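Architecture at a glance
Residues per chain, in single letters:
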Amino acid sequence: MNKSSVEEIRDRFDKDVERFANLDKGQISTIDAKISLELITEAAKRLVPKAEHLLDVGCGAGNYTLMMLSKMNNLNCTLIDLSKPMLDKAFERVSQETNKKVKTIQGDIREVDLNENHFDIILAGAVLHHLRDDSDWEFTFRKLFRLLKPGGCLMISDLVTQDTEILNLYIWEKYADYLENLGGKEYRQKVLDYVSKEDSPRSLNFQLELMKKIGFRQIEILHKNLCFAAFTGTK
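Analysis parameters
- Residues numbered from 1 in each chain as written.
- Predicted model: local features only at pLDDT ≥ 70, side-chain atom pairs only at ≥ 80, totals over all residues.
- Heavy atoms only, no water.
- Helix = DSSP H or I, 4+ residues; strand = E, 2+ residues; numbered from the N terminus.
- Rg over C-alpha atoms; globule rule 2.2 N^0.38 Å.
- Buried < 20%, exposed > 50% of the residue type's maximum accessible area, 1.4 Å probe, protein only.
- Contact = heavy atoms within 4.5 Å.
- Areas by Shrake-Rupley, 256 points an atom, 1.4 Å probe, with all protein chains shown as cover.
- Lys, Arg positive; Asp, Glu negative; His and termini not counted.
- Charge placed at Lys NZ, Arg CZ, Asp CG, Glu CD.
- Polar contact = N/O pair within 3.5 Å; in protein donor to acceptor, adjacent residues only side chain to side chain.
- Phe/Tyr/Trp six-rings, centres within 6.5 Å; stacked < 30°, edge-to-face > 60°.
- Lys NZ or Arg CZ within 6 Å of the ring centre and 35° of its normal.
- Core = buried A, V, L, I, M, F, W, Y, C linked by side-chain atoms within 4.5 Å.
- Salt bridge = Lys/Arg side-chain N within 4 Å of Asp/Glu carboxyl O.
- Pairing = 2+ DSSP bridges.
- Axes fitted to C-alpha atoms, helices over the stretch in contact; angles between N-to-C directions.

In terms of helices and strands, the protein chain carries nine helices and seven strands. Radius of gyration (C-alpha) of the protein chain: 17 Å, near the 18 Å computed for a compact globule of 235 residues. Dimensions along the principal axes, computed over C-alpha positions, put the protein chain at roughly 45 × 40 × 30 Å. Across the 235 residues of the protein chain, 52% fall into the buried class. Within the protein chain, contacts between residues at least 6 apart in sequence are counted, and of these 74% link residues at least 24 apart. With the model as given, the accessible surface of the protein chain reaches about 11500 Å², and the carbon-plus-sulfur share is 49%. Across the protein chain, the 34 positively charged side chains and the 37 negatively charged ones have centroids separated by 4 Å.

On to the environment of Ser 83, then. Here Ser 83 is to be found in the loop between β2 (76-81) and α6 (84-95). For the pair Ser 83 and Gln 106, spaced 23 residues apart in sequence, the C-alpha separation works out to 6.6 Å. Among the polar contacts listed, one links the side chain of Ser 83 to the backbone nitrogen of Met 86, at a separation of 3.2 Å.

So, on to the packing of aromatic side chains. Overall, the coordinates contain six aromatic pairs when judged by the stated rule. Ring centres of Trp 172 and Tyr 175 lie 5.6 Å apart, and the angle between their planes is 90°; this geometry places the pair in the edge-to-face category. In this pair, Trp 172 and Tyr 175 both sit in helix α8 (residues 165-198), three residues apart, roughly one turn of the helix. Exposure class is identical for Trp 172 and Tyr 175. Each is buried. Pairing Tyr 175 with Tyr 178 gives two aromatic rings, centres 6.1 Å apart and planes at 20°, and the pair type is stacked. With Tyr 175 and Tyr 178 both in helix α8 and three residues apart, this pair spans about one turn of that helix. Owing to a relative accessible area of 26%, Tyr 178 belongs among the partly exposed residues under this scheme. Between the NZ or CZ atom of Arg 202 and the centre of the ring of Phe 206, over which it lies, the distance is 5.7 Å. Over the aromatic face of Phe 145 sits the side chain of Lys 235, whose NZ or CZ is 4.8 Å from the ring centroid.

Counting residues in each nonpolar core, the largest one holds 30 residues, and the members touching the most others are Leu 114, Ile 122, Leu 128 and Leu 154. For this core, the secondary structure elements donating two or more residues are β1 (53-57), β4 (119-125), α7 (134-147), β5 (148-159), α9 (204-214) and β7 (228-234). Ignoring any residue separated from it by four or fewer positions in sequence, one finds Leu 128 in contact with Trp 137, Thr 140, Phe 141, Leu 144, Ile 156 and Asp 158. Counting 25 residues, the second-largest nonpolar core is a separate cluster that includes Ala 51, Tyr 64, Met 68 and Val 102.

Enumeration according to the criterion identifies 13 salt bridges in this entry. With a closest N to O distance of 2.7 Å, Arg 46 and Glu 42 form a salt bridge. Of this pair, Arg 46 and Glu 42 both sit in helix α4 (residues 33-47), separated by four residues, roughly a single helical turn. Residue Arg 46 is classed as exposed on the basis of its relative accessible area, which comes to 64%. On the basis of relative accessible area, Glu 42 is assigned to the buried category, the value being 17%. Asp 120 serves as the salt-bridge partner of Lys 149, at 3.4 Å between the closest nitrogen and oxygen.

This part is about the pairing of β1. With five of five residues buried, β1 lies mostly within the body of the structure. Of the two faces of β1, the one holding His 53, Leu 55 and Val 57 and the one holding Leu 54 and Asp 56 are both buried throughout. Inspection of the sheet shows β1 paired to β2 by five bridges, in the parallel sense. Within β2, the position partnered with Val 57 by the bridge is Ile 80. Sheet analysis places β1 next to β4, joined by four bridges and oriented parallel. Residue Leu 54 lies in a different strand from β4, and its bridge partner there is Ile 121.

On the basis of which strands lie adjacent, the open sheet formed by seven strands has the order β3-β2-β1-β4-β5-β7-β6 and mixed pairing. The sheet terminates laterally at β3 (102-106) and β6 (218-225), the two strands that pair on one side only. When the angles between neighbouring strand axes are averaged without regard to direction, this sheet yields 15°. By the bridge criterion, seven bridges tie β6 to β7 in an arrangement that is antiparallel. Paired with Lys 224 across the bridge in β7 is Ala 229. Sheet contacts for α7: β1, β4 and β5; angle to β5, the most-contacted strand, approximately 140°.

Here it is, written out as structure tokens:
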């Protein structure tokens, strides 16, 4: 199956702003979404207590930045997303919660021009699974590493796979059961078809090893439940 293009992904998110702005209803297909959101933002606060500059990659409607600001409200925020309607919604919501600078950039993190060694915290919530081949993953992780200040942290919450195929099948069977319990067989198939078409998740092991290879000096797993994980790396 040919995966969705960047343009197709952008168009889908353009039409889904209000759902993603609702944390209670917009992310029900993500297991432990609220727990992971709490963990990565609280961990970031503790890892970089004097943070000044925040980058939210694939910010959507701004949920991750809003949670971060609820813990540290003196952050200058740079929000990146493919979708202009998502960015507009994020800017509207985030601007109400901080008196610091809020900057929005419409584009792909792989292509946008940003200052290196600048950000204290980078949030990547449910976005990196859109990367494709191994070289794409490595290029993007290296770029995120360069954007961080020394001592800064990359906080990831995302869809993951297992390296052992028989276990991967089992984990995704369990996730399918979770989806069916949420919304029935039709909902289960809708979500799984969407993942198959749009996403290219990698295993937690793959991503942690990549972070080590690139040079992150401290790497921690904060949470994992079936095919979702929250983890962090410090530069």
